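Descriptive structure summary
Residues per chain, in single letters:
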Amino acid sequence: MKGVLHVIVGTPDSNRRSTLAHAINPTDKNPSSHFLFPHELESTELPFSHWEWIDHGFKIKNLEEENINEWFLFLSNRIELADQFESLQEFVDQEEELEIGRIITFINSEYLNDAKDQLLDWIDGCAHFSDVFCFSNRTNQNSQSLSSILDRYKTMRYPMETFILPKSKDPPIDQILCPVARRITHIFDPIDMLDPEESPAEDPFLKRQANGKRVKPLFIPEWIMI
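What comes next concerns the included structure. (Residues numbered from 1 in each chain as written. Predicted model: local features only at pLDDT ≥ 70, side-chain atom pairs only at ≥ 80, totals over all residues. Heavy atoms only, no water.)

1. Thoughts on the sheet that holds strand 1 (residues 3–10)
We apply this condition: Any two strands with at least two DSSP bridges between them are considered paired. Counting from the N terminus, the helices are DSSP H or I runs at least four residues long and the strands are E runs at least two residues long. Working convention: axes come from line fits to C-alpha atoms, limited for helices to the stretch in contact. Angles between N-to-C directions cover 0 to 180 degrees. Working rule for contacts: check all heavy atoms of both residues, and any pair within 4.5 Å makes them a contact.
Across the sheet, which stays open at both edges, the seven strands sit in the order 3-2-6-1-7-8-9 with parallel pairing between neighbours. Only two strands of the sheet have a single neighbouring strand rather than two, namely strand 3 (48–50) and strand 9 (161–164). Adjacent strand axes in the sheet meet at a mean angle of 25° when their direction is disregarded. Relative to strand 6 (residues 70–74), strand 1 is paired through five bridges, and the arrangement is parallel. The residue of strand 6 that forms the bridge with Val4 is Glu70. Its contacts with the sheet put helix 2 (residues 81–94) on strand 1, strand 6 and strand 7 (98–108), and the angle it makes with strand 1 is roughly 175°.

The following block contains the structure:
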């Protein structure tokens, strides 16, 4: 694989596929962008392949790579997020012509009114890894909860960008995919440029205890398992 790999995290019904479809020119018969989905996701409109989770790693079989220079890898909500990021870091290291673009989390705002501690912990983990948060389905009923989330990361001075996706017009796709990294994690940075405490093994969501368990587990809420 070669080119830019964008990494996509999302809740159900967060419009992540329909939003990112705007990255493709509909008149292009041979698009240079390709979508990589877990098996629980499909699409009738996008050029896509499925990836498999084998031996705790991403496997993509029978992939036609000619003319493709932009990839959208959708992570699974059925596999712990930290495991996927850990594997992704190794995957990118093995693909010399592939570089990480943006890590984007899509959140359906309808879930925010019923946010429990487990969901907030999961969102915190996503914020740690993400360059961008995109919120869909904003309404008067969930606007206060959404504002609380936005204020949380503004107060914590997170560098990531946030977008509230409009319902009546096209999303700002060029801004969402802007190649400037704004994530907190250093797992995709060159190892020789990092201090020891910034190494992937020391990432707070990837670090393990002596027994192999994560120091800071990143559990997936049950309702996100699709």
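2. Topic: helix 3 (residues 117–129)
Since one α-helical turn is 3.6 residues long, residues separated by three or four positions face the same way. Applied cut-off: A helix is expected to span 1.5 Å multiplied by its residue count minus one. Between buried and exposed lies partly exposed: a residue is buried under 20% and exposed over 50% of the maximum accessible area for its type, with that area taken using a 1.4 Å probe on protein chains only.
With 13 residues, helix 3 should cover 18 Å at 1.5 Å per step; its first-to-last C-alpha distance of 19 Å lies within 8% of that length. Here helix 3 has its buried residues at Leu119, Trp122, Ile123, Asp124, Gly125, Cys126, Ala127, His128 and Phe129. Among the structural elements, strand 1, helix 2, strand 7, strand 8 (132–136) and helix 4 (143–155) are those in contact with the buried residues of helix 3.

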